[in-house]
Amino acid sequence: MIIKGKVHKFGSDINTDDIIAAKYLVSTDARELGSHCMENIAPGFLQKVKPGDIIVAGKNFGCGSSREHAPLAIKGSGISAVLAKSFAGIFFRNAINIGLPFLELENADEISEGDELVIDLSAGSVKNLTRNKNYATQPFPGFLQDIVTEGGLINYVKKRKV
Amino acid sequence: MPYTIAEKILGAHTGKEGVRPGEFIEAKIDLALGNDITAPIAIAEFRKSGAKKVFDKNKIVLVPDHFAPAKDLRSANQCKVLAEFAREQKIKNYFEVGCMGIEHALLPEQKLVLPGDLIIGADSHTCTYGALGSYATGVGSTDLARAFIDGKCWFKVPASIKFVYKGKLRKWVSGKDLILYTIGNIGVDGALYKAMEFSGPVIGRLSMDERFTMSNMAIEAGARAGIIEADEITLKYVRPAPRKFKIYKSDSQAHYEKIYEYDVSHLEPQVACPHLPSNVKPVGELKNIKLEQVVIGSCTNGRISDLRIAAKILKGKKVSSGLRLIVIPATQKIYLEAVKEGLVETFVKAGGVFSTPTCGPCLGGHMGILTEGERCLATTNRNFIGRMGSPASEVYLSSPAVAAASAITGRITGPDKIL
């Protein structure tokens, strides 16, 4: 899977309340959730997002609550992938389980707001077209890749259930 | 082969003696928990999968506690989804308003979680039950849906970090202060994807309530679990137990990625300042921080001993003029106990309000939302931007003792200034 888009840059410890505030958790609809994504910390973010765009952040992205509404809101906002130096444990699971593409990229600091990236998810490679730089990331272990390629955790389980 | 308690419990649930950090495993779980925010997505996924029956109706717990009693129409709909699913699947452990409590106080109180258990909950503070010597961890709604289907969950085995607390705690210093101090020391990703193990003589003397408070906030350091080995205090709490359980202890040669040792004899009550739980300062360093609201409650500090400490400080006093004090017992049992002991009378006479159990204000749901420019001191667990309402409001975190003292003065205050 190849993703090409412009970068929206965030800092470290972006938490699930930042991604989607709890007052919106009365909905489970990705598009409705997406229409409030990041509104507390980055007003105007949504107006700038175009389909295919990419969030690039620092360490511990998605810390805080277990709400699956957070990766759903990111998907619903039009963002196609998230790159961060590290991800919080539950966000990591949720992103795998619902199929939000993401990669851990140690050099996330070298990427700036507005840069244009090309991500090859299966190869784990990131190309910064604006700065003409290439990065290789650690691909996910086979087990997790299976969940993603089979269309999420539920399909993965269904396929293996006798 | 030596193993930590986390590696032993995860191993036992995959049919092995132990497992190693970094391994991916599929384990059988003992209990799966969902609430009114996370379970509706899980139930929808369960139905979409074509599954008709849950794997075991006795191993699923549903608690409408976040926006319940329903704060509005949409919350009422979410609560109804839980009630209908519980009825249809004959899930016994569904707690309607009236039996309902905040899930992480309720499940231990109902003895639904026991030492040695492997528990998943679609709520990040599921790590609370680690205080009983179990492996309990927060997951997402899709994980919960999967557990409904086949009673299993995938795990990446975390490395363990040991925290050893030595010395003797000063008056008014509690489990909450220990965990705030620890998060302040290691940071909000200081235990990212690790199992924290709390140990040492200070932990050995802590009450179960304070141990729950510590394990509860392990997630605030990024940890997958916050475990305390079961001891006599644990056994006294869980006995008589409704079913068999097993106590696991870490081997003396077990491998820890890091070991932190703290002498906490001189520790002052701690306060986490906006906007991260790691932004921690001793209460004495905070001068003239004026408050509009104080909240005492939550899965972190809404237990009976928390209310007793707060009432002891508030007895015969008045909350500061113009300040709102909101006290929320975590369960119906705690509520009733607080009534019987006269704690409620103390809170009401002091000028506070006493609510039905709910997560409510902690996550900016209801029952005490902050508007622009307002500042709250809460005994809860998170102080992110906009956590309790407006992104232009501020949340500070403390123990019930500091919260009660501060409600009286209207400014962040150490309890030694009052009693």
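Here the structure is a predicted model, which means the values were calculated and not measured.

J.: Summarise the nonpolar core; cite the residues concerned and give the values.
T.: Core analysis: the biggest nonpolar cluster contains 87 residues, and Met38(A), Phe61(A) and Ile74(A) have the highest contact counts within it. Element by element, the count of residues in this core is highest for helix α14 (residues 400–409) of chain B, at 7 residues. In terms of domain composition, this core takes at least three residues from each of domain 1 (5–262) and domain 2 (272–413) of chain B. Among the nonpolar cores identified, the runner-up in size contains 61 residues, and Met196(B), Val202(B), Met214(B) and Val295(B) belong to it.

J.: So what's going on with the interface of chain B and chain A? Which residues, and what values?
T.: Listed by partner, the interface residues are 44 residues for chain B and 43 residues for chain A. At the boundary of chain B with chain A, total buried surface from both sides reaches about 3600 Å², with 62% on carbon and sulfur atoms. Counting every contact that joins chain B to chain A gives 4 salt bridges. One salt bridge in this structure joins Glu32(A) and Arg74(B), with 2.9 Å as the shortest N-O distance. Where chain B meets chain A, there are 14 residue pairs in polar contact (both at pLDDT 80 or more). Mapped by element, the contributors of at least two residues to the side of chain B that touches chain A are β1 (24–28), α2 (39–48), α3 (73–89), α5 (141–150) and β7 (152–156) of chain B. In terms of residue count, α5(B) provides more of the side of chain B that touches chain A than any other element does, 7 residues in total. Across the side of chain B that touches chain A, the residue classes break down as 20 nonpolar, 11 polar and 13 charged.

J.: Tell me about the pairing of strand β3 (residues 81–84) of chain A, and name the residues and values.
T.: Residues and elements named next belong to chain A. Burial of the side chains of β3 extends over both faces: Ala81 and Leu83 are buried on one face and Val82 and Ala84 on the other. Relative to β3, strand β2 (residues 54–57) runs parallel, the two being bridged by 4 bridges. By the bridge assignment, Ile54 is partnered in β3 with Ala81. Both β3 and strand β4 (residues 102–104) contribute to a ladder of 3 bridges, which runs parallel. In the sheet register, Val82 faces β4, and the bridge partner there is Phe102. A crossover connection joins β3 to the parallel β4 through helix α5 (residues 89–98); in handedness this β-α-β unit is right-handed.

J.: With reference to specific residues and values, describe a positive patch on the surface.
T.: Residues and elements named next belong to chain B. Together, Lys53, Lys57, Lys90 and Lys92 make up a region of like positive charge exposed at the surface. Here Lys92 is to be found in the loop between α3 and β4 (93–94). Judged by relative accessible area, which is 60%, Lys92 ranks as exposed.

J.: Explain unusual backbone geometry to me, and be specific about the residues and the numbers.
T.: Ala68(B) connects to Pro69(B) through a cis peptide bond whose omega is -10°. Inspection of the secondary structure assignment puts Pro69(B) in the loop between β3 (60–63) and α3. Going from Pro274(B) to His275(B), the amide bond is cis rather than trans, its omega being 0°. Structurally, the position occupied by His275(B) is in the loop between β12 (270–272) and β13 (280–282). Positive phi is not limited to glycine here, since Asn60(A) has a value of about 60°. Residue Ser298(B) is not a glycine yet carries a positive backbone phi of 90°. Within the secondary structure, Ser298(B) sits in helix α10 (residues 298–301).

J.: Kindly report on the domain arrangement of chain B, identifying the contributing residues and their values.
T.: Residue and element names in this part refer to chain B. Looking at the assigned domains, one finds that chain B contains domain 1 (5–262) and domain 2 (272–413). The straight-line distance from the C-alpha centre of domain 1 to that of domain 2 is 24 Å. Each partner contributes to the interface: domain 1 provides 36 residues, whereas domain 2 provides 35 residues. Interface of domain 1 and domain 2: buried area, both sides summed, is about 2800 Å²; carbon and sulfur atoms make up 64% of it.

J.: Account for the packing of aromatic side chains, with residues named and values stated.
T.: Considering all chains together, one arrives at 26 aromatic pairs over all chains under this definition. With a centroid separation of 5.7 Å and an interplanar angle of 85°, the aromatic rings of Phe92(A) and Phe140(A) are classed as edge-to-face. With Phe92(A) in helix α5 and Phe140(A) in the loop between β7 (133–136) and α6 (142–149), this pair connects stretches of sequence that are 48 residues apart. Arranged with centres 5.5 Å apart and planes meeting at 80°, the rings of Phe46(B) and Phe85(B) form a pair that is edge-to-face. Taken together, the positions of Phe46(B) in helix α2 and Phe85(B) in helix α3 put the pair 39 residues apart, joining distant regions of the chain. Taken together, the aromatic side chains of Phe61(A), Phe87(A), Phe91(A), Phe92(A), Phe102(A) and Phe140(A) make up a single cluster linked through ring pairs. Its end group placed over the ring of Phe155(B), Arg93(A) keeps NZ or CZ at 5.9 Å from the ring centre. Over the aromatic face of Phe67(B) sits the side chain of Lys71(B), whose NZ or CZ is 4.8 Å from the ring centroid.

Basis of the calculations
Residues numbered from 1 in each chain as written. Chains lettered and ligands numbered in written order. Predicted model: local features only at pLDDT ≥ 70, side-chain atom pairs only at ≥ 80, totals over all residues. Heavy atoms only, no water. Core = buried A, V, L, I, M, F, W, Y, C linked by side-chain atoms within 4.5 Å. Buried < 20%, exposed > 50% of the residue type's maximum accessible area, 1.4 Å probe, protein only. Helix = DSSP H or I, 4+ residues; strand = E, 2+ residues; numbered from the N terminus. Domains from an automatic or database assignment. Contact = heavy atoms within 4.5 Å. Buried area = accessible area lost by both parts, 1.4 Å probe. Salt bridge = Lys/Arg side-chain N within 4 Å of Asp/Glu carboxyl O. Polar contact = N/O pair within 3.5 Å; in protein donor to acceptor, adjacent residues only side chain to side chain. Nonpolar A, V, L, I, M, F, W, Y, C, P; charged D, E, K, R; others polar. Pairing = 2+ DSSP bridges. Right-handed = clockwise from strand over helix to strand, strands pointing away. Patch = residues over 30% accessible without salt bridge, like charges linked within 9 Å, V, L, I, M, F, W, Y side chains within 5 Å. Areas by Shrake-Rupley, 256 points an atom, 1.4 Å probe, with all protein chains shown as cover. Lys, Arg positive; Asp, Glu negative; His and termini not counted. Charge placed at Lys NZ, Arg CZ, Asp CG, Glu CD. Phe/Tyr/Trp six-rings, centres within 6.5 Å; stacked < 30°, edge-to-face > 60°. Lys NZ or Arg CZ within 6 Å of the ring centre and 35° of its normal.

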